[in-house]
Amino acid sequence: MESCVELPMDKTSPLPIPDDAVIFSMIQPTGVIHLGNFLGAINTWKQINDKKRPDQKIIYGIADLHALTIPKKDYSSQLKTNRMEAIATLLSCGINPQVSTINFQSMVGGYHTELFWYLSCLAPLGYLNRMTQWKDKKSGDQTKERLGLFAYPVLQAADIMIYKGTHVPVGDDQSQHLELTRYLSERFNAMYNVDYFPSAKTLYSKSKKIASLSNPSKKMSKSSEDRLSMIYVTDSPESIREKIKKAKTDSISDTFYFDPVERPGVSNLLEIVSGFQQKTMKEVEKDVSQLHDYRSLKEYVSDVIIESLAPIRSNYTKYTNDKSYLESVIQQGYESSQEIAHKNLTDIKKIIGLSNDF
Ligand code: TYM
């Protein structure tokens, strides 16, 4: 069985997700999201939200425990703001809390971290040591290295497994973490001789890897210090035009086509257009075939982004001004996710031998 599935672009096709699926994903609360988060993940979350079938369960979370893996001094008020902004962003992007549960990981944190412990007892150190995100983020100085950052992928597996998640929509950079999740599900089932945890499938959008605007050989990343490398979904039209104008391209030719190896900058811009318009690359190439200079291409790309983000931008102002609505969304999300997590953890403890029904 395929463990990774790419979702169709066209809005009318049904999604390859079964009726009894539990769809789960999370995002870290690191402020407003950028185009990579949006096109790689949140737009897919919305697509799934909009096509939800009656027996499917959808849970989208703000991974606020994960936000602590790189500790920062005097961070608590910033974290508080970031958490609120993250919820407002999800709502602004069109996730409907009447359809999908939206929660804060820390509110159901006891369940996630308890399962994290059980999985930690099964997770091989060598496997975690090979994780590319660990290799990228670790400082190399063992006196400063933290267990939380190293063990983070096991908590991510627990996030998914506590809800018995079957389908996880994420961008390309999460693929290794999803492989670990499948590995730990198998290990648990084999260890306790049960068929309890499903093997969670990775769901990708067509734009699973959006590159940095200033350095298209790297992914667009919130941890970059270069403000020109990313566009936030709430950026003003002027800021979007400026960033696209300065985006790195090439001087290969004045016709524009998709070739990520030879022309990574141009291809990234076309990828962004394709993601927003939900058009195939062939269609996008056809649309830009009459443009013959970078100025026109960049204006075209800016127009597409500005127009697509306009509703998100105005929704965002509306939601951040309505704190009591945000609180009600969170309370409702807490109650429904807590119910599932509680039931599953009770079953898991029974399987492990930690129940008192002697
Ligand atoms: P985070 O917060 O870094 O990113 C959130 C989502 O955005 C996707 N993404 C991208 N997609 C395409 N191009 C890019 N340049 C790009 N940058 C980010 C990510 O793949 C992700 O889907 N570890 C996770 C949060 C997490 C989680 C989970 C996810 C915690 N527990 C359980 C799924 C299931 C993270 O840090 O995502």
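Residues numbered from 1 in each chain as written. Predicted model: local features only at pLDDT ≥ 70, side-chain atom pairs only at ≥ 80, totals over all residues. Heavy atoms only, no water.

Quick rundown of the packing of helix 9 (residues 264-277) against helix 11 (residues 294-320)? Include the residues and the values.
Running from N to C, helix 9 and helix 11 cross one another at 30 degrees; their axes reach a closest spacing of 10 Å. In terms of axis orientation, helix 9 runs roughly parallel to helix 11. Both helix 9 and helix 11 take part in a crossing whose hand is left-handed. Taking contact as the criterion, the partners of V266, L269, L270, I272, V273, F276 and Q277 in helix 9 are, on helix 11, Y294, L297, Y300, V301, V304, I305, S308 and L309. Each residue belonging to the contact of helix 9 with helix 11 can be placed in one class, and the counts come to 13 nonpolar, two polar and no charged. (Axes fitted to C-alpha atoms, helices over the stretch in contact; angles between N-to-C directions. Helix = DSSP H or I, 4+ residues; strand = E, 2+ residues; numbered from the N terminus. Parallel < 35°, antiparallel > 145°, perpendicular 65-115°, else oblique. Left-handed = near helix turned anticlockwise from the far one by under 90°. Contact = heavy atoms within 4.5 Å. Nonpolar A, V, L, I, M, F, W, Y, C, P; charged D, E, K, R; others polar.)

How would you summarise the site of the ligand if you had to cite specific residues and measurements?
Around the ligand lies a shell of 27 residues, among which Y152, Q156, D159, D173 and I210 are the nearest. Here a nitrogen atom of the ligand and a backbone polar atom of G36 are 3.1 Å apart. Within the backbone of G171, an N or O atom sits 2.9 Å from an oxygen atom of the ligand. In isolation the ligand has 710 Å² of accessible area, and contact with the protein removes 96% of it. Of all the elements in the fold, those that place two or more residues in the shell around the ligand are strand 2 (22-27), helix 1 (35-50) and helix 6 (147-161). (Near = heavy atom within 4 Å. Polar contact = N/O pair within 3.5 Å; in protein donor to acceptor, adjacent residues only side chain to side chain. Areas by Shrake-Rupley, 256 points an atom, 1.4 Å probe, with all protein chains shown as cover.)

Describe in detail the layout of surface pockets, supporting the description with residues and values.
Here the second largest pocket is characterised by a volume of approximately 390 Å³. The biggest single contributor to the lining of the second largest pocket is helix 1, with five residues. A class-by-class count of the residues in the lining of the second largest pocket yields five nonpolar, eight polar and four charged. (1 Å grid on protein atoms, 1.4 Å probe; cavity = no way out; pocket = protein on both sides within 12 Å on 5 of 7 lines; lining within 4 Å. Points joined across faces, edges and corners; volume = space filled by probe spheres on them.)

Would you mind going over the packing of aromatic side chains in detail, with residue names and values included?
The final tally for this structure, using the stated rule, is 10 aromatic pairs. With a centroid separation of 5.2 Å and an interplanar angle of 25 degrees, the aromatic rings of F24 and Y163 are classed as stacked. Placement of F24 in strand 2 and of Y163 in the loop between helix 6 and strand 5 (167-169) is noted, with a sequence separation of 139 residues between them. One exposure class covers both F24 and Y163, and it is buried. Relative to Y60, the ring of W45 has its centre 4.4 Å away and its plane inclined at 10 degrees; by these criteria the two rings are stacked. (Phe/Tyr/Trp six-rings, centres within 6.5 Å; stacked < 30°, edge-to-face > 60°. Buried < 20%, exposed > 50% of the residue type's maximum accessible area, 1.4 Å probe, protein only.)

Give a detailed account of the nonpolar core, specifying residues and quantitative values.
With 62 residues, the main nonpolar core has F38, I42, I48, F276, L297, I305 and L309 as its most contacted residues. Here the element with the most residues in this core is helix 11; it accounts for 10 residues. Dropping the residues within four chain positions of it, L297 is found in contact with F256, L269, L270, V288 and L291. Among the nonpolar cores identified, the runner-up in size contains 37 residues, and W134, A157, I162 and F188 belong to it. (Core = buried A, V, L, I, M, F, W, Y, C linked by side-chain atoms within 4.5 Å.)

Residues and numbers for the pattern of salt bridges, please.
A full pass over the atoms with the stated rule returns 17 salt bridges. One salt bridge in this structure joins D19 and R53, with 2.3 Å as the shortest N-O distance. Of the two residues, D19 is situated in the loop between strand 1 (4-6) and strand 2 and R53 in the loop between helix 1 and strand 3 (57-62); the sequence distance between them amounts to 34 residues. Note on D19: relative accessible area 44%, which makes it partly exposed. If you follow the salt bridges from partner to partner, you end up with R227, E242 and K246 in one network. (Salt bridge = Lys/Arg side-chain N within 4 Å of Asp/Glu carboxyl O.)

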